[in-house]
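# Fold and contact review
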Amino acid sequence: MNVLVVIGHQRPGSFCHAIAETVCETLRSLGHAVNFHDLYQERFDPVLPHEEIPKEAARPTVIQEHCRQLRQADGLVIVHPNWWSMPPAILKGWIDRVFCLGVAYEFGPDGQVIQHLAGKRAVVFTTSNTPYDLEMQLFGDPLENLWRNCILGFCGITDFHRRNFGPIITSTWEERRNWLGEVRQIIQQRFPA
């Protein structure tokens, strides 16, 4: 399989980076091809210019390459922290520029959504510092809805799994080691050899 892996976390050495490294190592050990993007390291520009919005827009080469990799991928793995119940701005900008009209979806003549990512599978790993029970009590799970329905589901990806790890701030090395073991297991199950 061909899998696109994207991380949106600003600090090298973060637990999100450990997750992304574990994902890539596991996928490669299973014989899969991996396209990996660390958006901060690559200094991805998250600003969507108005000129890129039309379906027939001439997009910069780097955006064209991300779009090509998304369309050609059999699977997608995204890793990011939970910031105010949303992905970091750089990842939201990546979605704006790469999950674009004509690449991830388009509208048919009667306004129906044509889903260009149908048949792909996706895994999203998130991290947070808010205890799960408090998060659910205060907010529900906005990230689950965002990824499952508003982004991936809208574009046709229904084979979806999300796992949040936390609270990171109070976690021990042993907990983190066990969580990375869970990451390996999820990737092995979702992207078998």
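Above this text sits the structure in question.
Throughout what follows, the structure given in this document is the object of discussion.

What counts as what
Residues numbered from 1 in each chain as written. Predicted model: local features only at pLDDT ≥ 70, side-chain atom pairs only at ≥ 80, totals over all residues. Heavy atoms only, no water. Core = buried A, V, L, I, M, F, W, Y, C linked by side-chain atoms within 4.5 Å. Buried < 20%, exposed > 50% of the residue type's maximum accessible area, 1.4 Å probe, protein only. Helix = DSSP H or I, 4+ residues; strand = E, 2+ residues; numbered from the N terminus. Contact = heavy atoms within 4.5 Å. Phe/Tyr/Trp six-rings, centres within 6.5 Å; stacked < 30°, edge-to-face > 60°.

### Quick look at the nonpolar core
The biggest cluster of nonpolar side chains holds 30 residues, and the ones touching the most others in it are Leu 70, Leu 76, Trp 94, Phe 99, Trp 147 and Leu 152. Among the elements of the structure, β1 (2–7), α2 (61–72), β3 (75–81), α3 (89–98), β6 (121–127) and α5 (142–153) are those that each provide at least two residues to this core. Sorting elements by how many residues they give to this core places α3 first, with five residues. Look past the residues within four positions of Leu 152 in its chain and what remains in contact with it is Leu 76, Phe 99, Ala 122, Val 124, Trp 147, Ile 157 and Phe 160. Counting residues in hydrophobic clusters, the runner-up holds 23 residues, among them Cys 24, Val 79, Phe 125 and Ile 186.

### As for the packing of aromatic side chains
One pass over the full model with this rule turns up seven aromatic pairs. Measuring from ring centre to ring centre gives 5.7 Å for Trp 94 and Phe 99, while their planes differ by 70°; the resulting arrangement is edge-to-face. Residue classification places Phe 99 among the buried residues on the basis of a relative accessible area of 6%. Measuring from ring centre to ring centre gives 5.6 Å for Tyr 105 and Phe 107, while their planes differ by 75°; the resulting arrangement is edge-to-face.

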